[in-house]
Amino acid sequence: MKEGFRQSMSWTHTWLGLVAGWVLYFVYLTGTLGYVDKEIDYWMTPERPFFAQPGTPREQLAVAQAHLQQVAPHAASWNIQMIGGREAPSLDVSWTDASSGAGRGATHRQTLDPQTGAPIDYGARATGGGQVLYKMHYQLAYIPYDKAILIIMVLTLIMFAAMVTGIIVHKNIFKDFFTFRPRKGQRSWLDGHNLLSVTALPFHIIVTYSGFLFFTYQFMPSVPHLIYGEGRSAGLQFYQGVYPYQQPKLPQAAHLNVPMTPLASLMDQVDVSWGKGIATAVEVRNPGDANARVLVKPQETVSIAYPENMLVFDGASGKLVEDFRPDDHAAADTDHAMKGLHKGLFANWFLRILLLFMGVGGTAMIGTGLLLWANTRRTRLLAAKQPLHLGIWLVDRLNVSAIIGMPVAIAAYFWANRLLPVEMSTRAAWEVHAMYLTMAAMFAYPMFRPPERARVEMLWLCTAAYGLLPVLNALTTSRHLGHSLGEGDWIMAGFDLTALGCAAISAVCAVKVSCSQAKATVRRRPKAASAELAVS
Amino acid sequence: MKTLTAAYRWSVLSRCIAAAAGGYALVTLLQLAFTAALPWDYYKSLLFSSQTGYLYYTGVIIWCFAARTARRAWLGLAVVALPLILIDAWYLLHRSVT
């Protein structure tokens, strides 16, 4: 260790960052994509129809009710998911048959045309979609779930400790907000690293710390086991205490047919209680029965902690029976709020885009940190006229592989979605295989090529991988950019435009890197570099 | 660049073990102490201790790398662990009696 508190913290920050950096880069990257998981789902199932004029919630409810009344008048329950929030881009209904003796009845799903109520069977391709992609940020891939989350917990701890030590190292956090000195080599990288870290510091702290709370029980099970006893029942007892199953009290079916009140007529009361456009999901228990109950549920954006609030109506009379709010204790509320902040389900479009930018900023923070490790040491060794050691050789190559290769691998996941045959039975699995085969190639490539060259070549590959995605989309589906922009399909168009944006950034990086490398070769001996600062 | 001595390398390894294993042990001890000391239902104290647990863990990591020597790092952990062990031992004995 070095002398002095700040110096030793700088050492700790540097090494914690290095040991966990590459995987954390992947975690931040795929986790950031989780903020648009449903949008990625939508792009990856281009068969899914888009409805430019879905109609008001009342019209959608009327259409859905008419359909359900016809196909399943005596079901145990109905579920209606309206177009409106992020939850569904189409009007989806499902119903569960009344249980016949043992077990629950079967559940059926159907997408409806929101205007005519005609059933639509669009036959979506099999895909992992955004769900499989964002779950990699804690499940990784090809590793058993229980092992993967332990790895992630350790990495999260390292991330958090690296952040706290990073803050300690800083003398002037406020000044860093306004400090960026471009084209100064090492200094610029450090400024960039600091700028990315401090501008979204609360975000980084919150997502990292709240990340812990998902798997604390699995990470430190000894005290719960001591208290509740070993085995599965320990976890059950703990979780039942923390999250007691809370549901409004609902009566049994009376087995007396009474016509349902029009669901649309309930929305007046819902608008009074919650405000317009908040409710997008409706569940009906025992439809058509004298004891029918209608449960109206709010959108995810209604609050950070996403409590299971519901308005309960009498299905026959249409009267509001209960304004149900689960009652949690403070520790559980904290838990819900922290996890809610982590998932970001509460965010509206503006906040969601901010979250995306902060996530990308965090990814870049990790990337610049990794680059700094190698740059600092290379500069110092060159200044002392000493040979570069194996550590720098390896870190240089792994940096190129991870920082550029991982985004390329994610692009491969999207390419596979469009290129694999639609009827292929294992296509969802092969999307993931395509991603990791690409990643393996990306890790192998810089090992056989000078990293300066590999860096530029891979950046151009990344540019092509993202820049051509909209072209691929246009060639393989009918949902090209012109079409989606014309229709006002902003999710489909947003994906294509974001891909173009990524390609543009990658192209700028490629040009910059090749320019600075050209200059460096002209200068030959980087004398100026020796004067630059040392980070640690 | 100065060459690193074997003693320095051992010191780094020792601190890493202190930070990782020592931190894990200390937070576990603390978790049990919270359950013993807080007048709440078990699941609430458990939830509270795991919600705050990583702050202590991070504190331990910082201490282990900030201490002047590796020996001092371990000593510091022991000083904190001792009262926790006493509380936990008292609690476990008391609990098995009642």
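Residues numbered from 1 in each chain as written. Chains lettered and ligands numbered in written order. Predicted model: local features only at pLDDT ≥ 70, side-chain atom pairs only at ≥ 80, totals over all residues.

(A) A look at the overall build of chain A. Of regular secondary structure, chain A possesses 21 helices and eight strands. In terms of overall dimensions, chain A has C-alpha extents of about 90 × 60 × 40 Å along its principal axes. Counting every position in chain A, which comprises 536 residues, the buried fraction comes to 39%. The long-range fraction of contacts in chain A, counting pairs at least 24 apart against all pairs at least 6 apart in sequence, stands at 69%. (Helix = DSSP H or I, 4+ residues; strand = E, 2+ residues; numbered from the N terminus. Buried ≥ 20, exposed ≤ 12 C-beta atoms within 10 Å, placed from the backbone. Contact = placed C-beta atoms within 7 Å.)

(B) Fine view of the overall build of chain B. Regarding its fold elements, chain B presents three helices and zero strands. Its helices and strands in sequence order give chain B the pattern α-α-α, from N to C terminus. Rg of the C-alpha trace for chain B: 16 Å, well past the compact-globule value of 13 Å for 98 residues, more than 25% over. Its C-alpha atoms give chain B principal-axis dimensions of about 60 × 25 × 15 Å. (Rg over C-alpha atoms; globule rule 2.2 N^0.38 Å.)

(C) Structural detail: the pairing of strand 3 (residues 107–112) of chain A. All names here are of chain A. Judged from the six bridges that link them, strand 2 (residues 91–96) and strand 3 form a sheet pairing that is antiparallel. Across the sheet, the residue bridging to D92 is T111, located in strand 3. The pairing of strand 3 with strand 4 (residues 119–120) spans two bridges and is antiparallel. Residue L112 lies in a different strand from strand 4, and its bridge partner there is P119. Between strand 3 and strand 4, which follow one another and run antiparallel, lie six residues, and G117 among them has a positive phi close to 80°. (Pairing = 2+ DSSP bridges.)

(D) The arrangement of the interface of chain B and chain A in detail. Taken together, the contact between chain B and chain A spans 23 residues of the former and 31 residues of the latter. Every element with two or more residues in the side of chain B that touches chain A is listed here: helix 1 (6–37) and helix 2 (42–66) of chain B. Counting residues per element, the side of chain B that touches chain A draws most heavily on helix 2 of chain B, which supplies 16 residues. Considered class by class, the residues forming the side of chain B that touches chain A number 14 nonpolar, seven polar and two charged. (Nonpolar A, V, L, I, M, F, W, Y, C, P; charged D, E, K, R; others polar.)

(E) Up close: the pairing of strand 6 (residues 293–298) of chain A. Residue and element names in this part refer to chain A. For strand 6, a buried count of six out of six residues is recorded, marking the element as mostly surrounded by other parts of the structure. Of the two faces of strand 6, both are covered, the one formed by R293, L295 and K297 as well as the one formed by V294, V296 and P298. Across six bridges, the pairing between strand 5 (residues 279–285) and strand 6 is antiparallel. Note on strand 6: the bridge partner recorded for V284 is V294. Of the strand pairs in this sheet, strand 6 and strand 7 (residues 310–314) are connected by four bridges, and their pairing is antiparallel. Pairing of V296 across the sheet is with L311, part of strand 7.

(F) A look at the nonpolar core. Residue and element names in this part refer to chain A. Counting 108 residues, the largest nonpolar core has Y25, V408 and M458 as the members making the most contacts within it. Setting aside anything within four residues of it in sequence, one finds M458 in contact with V400, I404, G405, V408, M442 and Y445. Core analysis: the second largest hydrophobic core is formed by 29 residues, W95, V270, V294 and M310 among them. (Core = buried A, V, L, I, M, F, W, Y, C linked by C-beta atoms within 7 Å.)

(G) Main features of the sheet that holds strand 1 (residues 77–81) of chain A. All names here are of chain A. Taken in spatial order, the eight strands of this open sheet run 4-3-2-1-5-6-7-8, and their pairing is antiparallel. The two strands at the open ends of the sheet, each matched to only one other strand, are strand 4 and strand 8 (320–324). Packed on one face of the sheet, helix 3 (residues 57–71) meets strand 1, strand 2, strand 3 and strand 5 and runs near 35° to strand 2. (Axes fitted to C-alpha atoms, helices over the stretch in contact; angles between N-to-C directions.)

(H) The arrangement of the domain arrangement of chain A in detail. Examined at the domain level, chain A breaks down into domain 1 (5–45 + 129–197 + 348–531) and domain 2 (57–123 + 247–324). Using C-alpha coordinates to define each centre, domain 1 of chain A is positioned 43 Å away from domain 2 of chain A. (Domains from an automatic or database assignment.)

(I) Up close: the environment of A:Y466. All names here are of chain A. With respect to the helices and strands, Y466 occurs in helix 17 (residues 451–467). Exposure remark for Y466: the 24 C-beta atoms within 10 Å place this residue in the buried category. Along the backbone, Y466 and G367 are 99 residues apart, and their C-alpha atoms lie at a distance of 19 Å. Non-local contacts of Y466, meaning those with residues more than four positions away in its chain, are made with A411, A499, C502, A503 and S506.

(J) Spatial organisation of helix 7 (residues 186–199) of chain A. With 14 residues, helix 7 of chain A should reach 20 Å at 1.5 Å per residue; the first-to-last C-alpha distance of 20 Å fits that figure. Residues of helix 7 of chain A that are buried include every one of A:Q186, A:L190, A:G192, A:H193, A:N194, A:L196, A:S197 and A:V198, and no others. (Expected span 1.5 Å × (residues − 1).)

(K) Highlighting the confidence of the model for chain A. Across chain A, the average pLDDT comes to 88, with 95% of residues at or above 70. Across residues 524–536 of chain A, where pLDDT falls below 50, the model places 24 contacts with residues more than four positions away in sequence or in other chains. (pLDDT = per-residue confidence, 0-100.)

(L) Examining the packing of helix 15 (residues 390–419) of chain A against helix 17 of chain A more closely. All names here are of chain A. At a minimum axis separation of 9 Å, helix 15 and helix 17 run at an interaxial angle of 10°. With respect to helix 17, the axis of helix 15 lies roughly parallel. The segment helix 15 lies against helix 17, with D396, R397, V400, I404, G405, P407, V408 and A411 engaging P451, A454, R455, M458, L459, L461, C462, A465 and Y466. Tallied by class, residues from the contact of helix 15 with helix 17 come to 13 nonpolar, one polar and three charged. (Parallel < 35°, antiparallel > 145°, perpendicular 65-115°, else oblique.)

(M) Just unusual backbone geometry, in detail. All names here are of chain A. In this structure, Y142 is a non-glycine residue whose phi angle is positive, near 60°. By the element assignment, Y142 lies in the loop between helix 4 (129–139) and helix 5 (145–169). The class of Y142 is exposed, set by 9 C-beta atoms lying within 10 Å. Located in the positive-phi region is H255, a residue other than glycine, with phi close to 55°. Within the secondary structure, H255 sits in the loop between helix 11 (232–242) and helix 12 (267–274). The exposure class of H255 is exposed, given the 10 C-beta atoms found within 10 Å.

(N) Highlighting helix 14 (residues 349–383) of chain A. Given a rise of 1.5 Å per residue, 35 residues ought to cover 51 Å, and the 50 Å separating the end C-alpha atoms of helix 14 of chain A matches this to within 8%. Where helix 14 of chain A terminates, the next one or two residues include A:K385, which has phi positive at roughly 55°.

(O) Highlighting the environment of A:T363. Residue and element names in this part refer to chain A. Looking at the element boundaries, T363 is found in helix 14. On the neighbour-count criterion, T363 (23 C-beta atoms within 10 Å) is buried. Ignoring any residue separated from it by four or fewer positions in sequence, one finds T363 in contact with Y25, Y28, L29 and T32.

(P) The confidence of the model for chain B, seen in detail. Residues and elements named next belong to chain B. The predicted model of chain B averages 89 in pLDDT, with 94% of residues at 70 or higher. Here helix 3 (residues 70–97) stands out as the least confident element of chain B, with mean pLDDT 90; helix 1 is the most confident, with 93. Predicted complex, confidence summary: ipTM 0.93, pTM 0.90.

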